Amino acid sequence: EYKNDTARGPTGISGDGNTTRSFLGKGGYGYINGVPAGNLSWTVEAWVNRDDMNDMAIFDHGAGGSGPALFIRGNHLVLHLPDPDGELIDNGTFPWDGKFHQVAATWDGVTAKLFVDGTLVNLREATKAPSGISTLYVGFGNVGLSQPWFRGSLDEVSYYRTALTDQRILEHYM
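What counts, and where the lines are drawn
- Residues numbered from 1 in each chain as written.
- Predicted model: local features only at pLDDT ≥ 70, side-chain atom pairs only at ≥ 80, totals over all residues.
- Heavy atoms only, no water.
- Salt bridge = Lys/Arg side-chain N within 4 Å of Asp/Glu carboxyl O.
- Helix = DSSP H or I, 4+ residues; strand = E, 2+ residues; numbered from the N terminus.
- Buried < 20%, exposed > 50% of the residue type's maximum accessible area, 1.4 Å probe, protein only.
- Core = buried A, V, L, I, M, F, W, Y, C linked by side-chain atoms within 4.5 Å.
- Contact = heavy atoms within 4.5 Å.
- Pairing = 2+ DSSP bridges.

Draft legend 1. Inspection of the pattern of salt bridges at higher detail. Within this structure, the stated rule accounts for three salt bridges. The partner of arginine 73 in a salt bridge is glutamate 87, with the nearest N and O atoms 2.7 Å apart. Linking arginine 73 in strand E7 (residues 69-73) with glutamate 87 in strand E9 (residues 87-89), this pair joins segments that are 14 residues apart in sequence. For lysine 113, the salt bridge goes to aspartate 166, with nearest N and O atoms at 2.9 Å. Highlighted residues: lysine 113 in strand E11 (residues 111-116) and aspartate 166 in helix H1 (residues 166-173), separated in sequence by 53 residues. Residue aspartate 166 is classed as partly exposed on the basis of its relative accessible area of 32%.

Draft legend 2. Layout of the environment of valine 35. Here valine 35 is to be found in strand E4 (residues 29-36). In sequence terms valine 35 and tyrosine 159 are 124 residues apart; their C-alpha atoms lie 9.9 Å from each other.

Draft legend 3. The arrangement of the environment of lysine 26 in detail. Within the element layout of this structure, lysine 26 appears in the loop between strand E3 (19-23) and E4. On the basis of relative accessible area, lysine 26 is assigned to the exposed category, the value being 65%. Between the C-alpha atoms of lysine 26 and tryptophan 149, which are 123 residues apart in sequence, the distance is 5.8 Å.

Draft legend 4. Region of interest: the nonpolar core. Among the nonpolar cores identified, the biggest contains 29 residues, and Ile58, Leu70, Leu77 and Leu79 are the most heavily contacted of them. Listing elements by their share of this core, those giving two or more residues are strand E5 (42-50), strand E6 (56-61), E7, strand E8 (76-80), strand E10 (101-107), E11, strand E13 (133-138) and strand E14 (152-160). If we skip the residues at most four places from it in the chain, leucine 79 touches Trp42, Pro68, Ala69, Leu70, Gly86, Glu87, Leu88, Ala105, Ala112, Lys113 and Leu114. Ala57, Ala69, Phe71 and Val78 belong to the second largest nonpolar core, which has five residues in total.

Draft legend 5. Fine view of unusual backbone geometry. You will see that asparagine 75, though not glycine, has its phi angle at about 70°, which is positive. Among the structural elements, asparagine 75 can be located in the loop between E7 and E8. With a relative accessible area of 13%, asparagine 75 lands in the buried category. Despite not being glycine, glutamate 156 shows a phi value in the positive range, around 50°. Note on placement: glutamate 156 falls in strand E14.

Draft legend 6. Quick peek at the pairing of E5. Among the nine residues that make up E5, nine are buried, leaving the element largely enclosed by the rest of the structure. Where burial is concerned, the two faces of E5 agree: the one with Trp42, Val44, Ala46, Val48 and Arg50 and the one with Thr43, Glu45, Trp47 and Asn49 are both buried. As paired elements, E5 and E10 share seven bridges and run antiparallel to each other. Bridging across to E10, valine 48 finds its partner in histidine 101. The pairing of E5 with E14 spans seven bridges and is antiparallel.

This is the structure in structure tokens:
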């Protein structure tokens, strides 16, 4: 379900004629209640076209630190993990060029990985599993950002309860 400032956006990246979801400013988000955590492994994936260079959330499973969260902070793509080390950050600058970019994060129970446009941009060991059943948010995250709402368009947002392979992430990009 979508709340507040959202609207149907332009045609999406898949070529199937479906539209993206545009998030128009403060307060717009989507959510699904009662989503079990991928406590053995998971993948988060989305196509992102942001409207500005400010901080903004893309995805949050739990909005409180119990699950993964994917967001942009300081012009970097960041994956928040529910373990003591907390974050995995891309090793470059996340693009802002008026185009859609694929973002993905995986965790196989041992290693967390972060991808931009099909390319692995960082990885590290992360052994603490997400837990519980919580709300899955799209376009919002309770991760300490000054502007937690997404501004721009999101498409093909997916949450898998398995870690997709690097090759599969690349295939989804292509």
